[in-house]
Amino acid sequence: VDAPLDDFFGAGLGPAARSLAFGRQGNRYYFFFSMPFRSGARIVLRNDAPSRRIEGLPEAVETIGDGEEETVIRENGATFLADLGGGQKTGWFFDQRENRARVAALASEARVLDAYSYAGGFGVLAACRGASTVTLLDRSEGALALAMRAAARNGVEARCTALRGEVFAELEGL
């Protein structure tokens, strides 16, 4: 079960009701919103996890507010993009911030494979820190598009390549 308070993106929040423990009853949500939202905020309620089907709950994605669906994230000196409504989970995994920084610190002049790259958090940051080449591998075309747009925003697109495929199948071919 996900925590009731999920990833925070500055102007909005991405809670996930993936089981009976958290959800909605009428117009009441079982989520604690810790601050008032400014104009342009967007709350995306992602109730589309497969576990909801197992528990007999309806699947839906609901948006509250008028903010942008895509948001810019600045982390470790680099810029990334997150798709709040259409991305995986809530669009960005903040808990991996330190891990991304550690990997990037080792990346200078390295050839980097970012498997399950999603929006390019590990690979794009590695390119920013001097990796000679980065291969971003993910099965989602949309995720790879976000990653390559992040690479372009950071001026490292020439060293990044997107590879769409299933990770284990692609790894066997290396």
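Chemist: Outline the overall build of the chain, supporting the account with residue identities and numerical values.
Modeler: Within the chain one finds five helices and 11 strands. For the chain, with 174 residues in total, the buried portion stands at 41%. Expressed as a percentage of contacts within the chain between residues at least 6 apart in sequence, the contacts between residues at least 24 apart total 51%. Put simply, the chain shows about 9700 Å² of open surface, and 52% of that area lies on carbon and sulfur atoms.

Chemist: With reference to specific residues and values, describe a nonpolar patch on the surface.
Modeler: Nonpolar side chains collect at one region of the surface, where Leu 113, Tyr 116, Phe 168, Leu 171 and Leu 174 lie side by side and expose about 590 Å² of accessible area between them. Of note, Leu 171 is situated in helix α5 (residues 167–172).

Chemist: How would you explain the packing of aromatic side chains if you had to name every residue and give the values?
Modeler: The description of an aromatic ring pair rests on the distance of the ring centres and on the angle between the ring planes. Counted by the stated rule, this structure contains one aromatic pair. Their ring planes at 65° and their centres at 5.9 Å tell us that Phe 93 and Tyr 118 sit as a pair that is edge-to-face. Of this pair, Phe 93 sits in the loop between β8 (78–83) and α2 (97–105) while Tyr 118 sits in the loop between β9 (111–115) and α3 (121–128), and the two are 25 residues apart along the sequence. On the basis of relative accessible area, Phe 93 is assigned to the partly exposed category, the value being 27%.

Chemist: Just give me the short version of the confidence of the model for the chain, but keep the residues and values in it.
Modeler: The pLDDT averaged across the chain works out to 79; a share of 71% of its residues lies at or above 70. Ignoring residues within four places in sequence, the model shows residues 1–22, a span with pLDDT below 50, making 74 contacts including any to other chains. Segment residues 27–35 is flagged for pLDDT under 50; beyond a separation of four residues in sequence, or across chains, it makes 24 contacts in the model.

Rules behind the numbers
Residues numbered from 1 in each chain as written. Predicted model: local features only at pLDDT ≥ 70, side-chain atom pairs only at ≥ 80, totals over all residues. Heavy atoms only, no water. Helix = DSSP H or I, 4+ residues; strand = E, 2+ residues; numbered from the N terminus. Buried < 20%, exposed > 50% of the residue type's maximum accessible area, 1.4 Å probe, protein only. Contact = heavy atoms within 4.5 Å. Areas by Shrake-Rupley, 256 points an atom, 1.4 Å probe, with all protein chains shown as cover. Patch = residues over 30% accessible without salt bridge, like charges linked within 9 Å, V, L, I, M, F, W, Y side chains within 5 Å. Salt bridge = Lys/Arg side-chain N within 4 Å of Asp/Glu carboxyl O. Phe/Tyr/Trp six-rings, centres within 6.5 Å; stacked < 30°, edge-to-face > 60°. pLDDT = per-residue confidence, 0-100.

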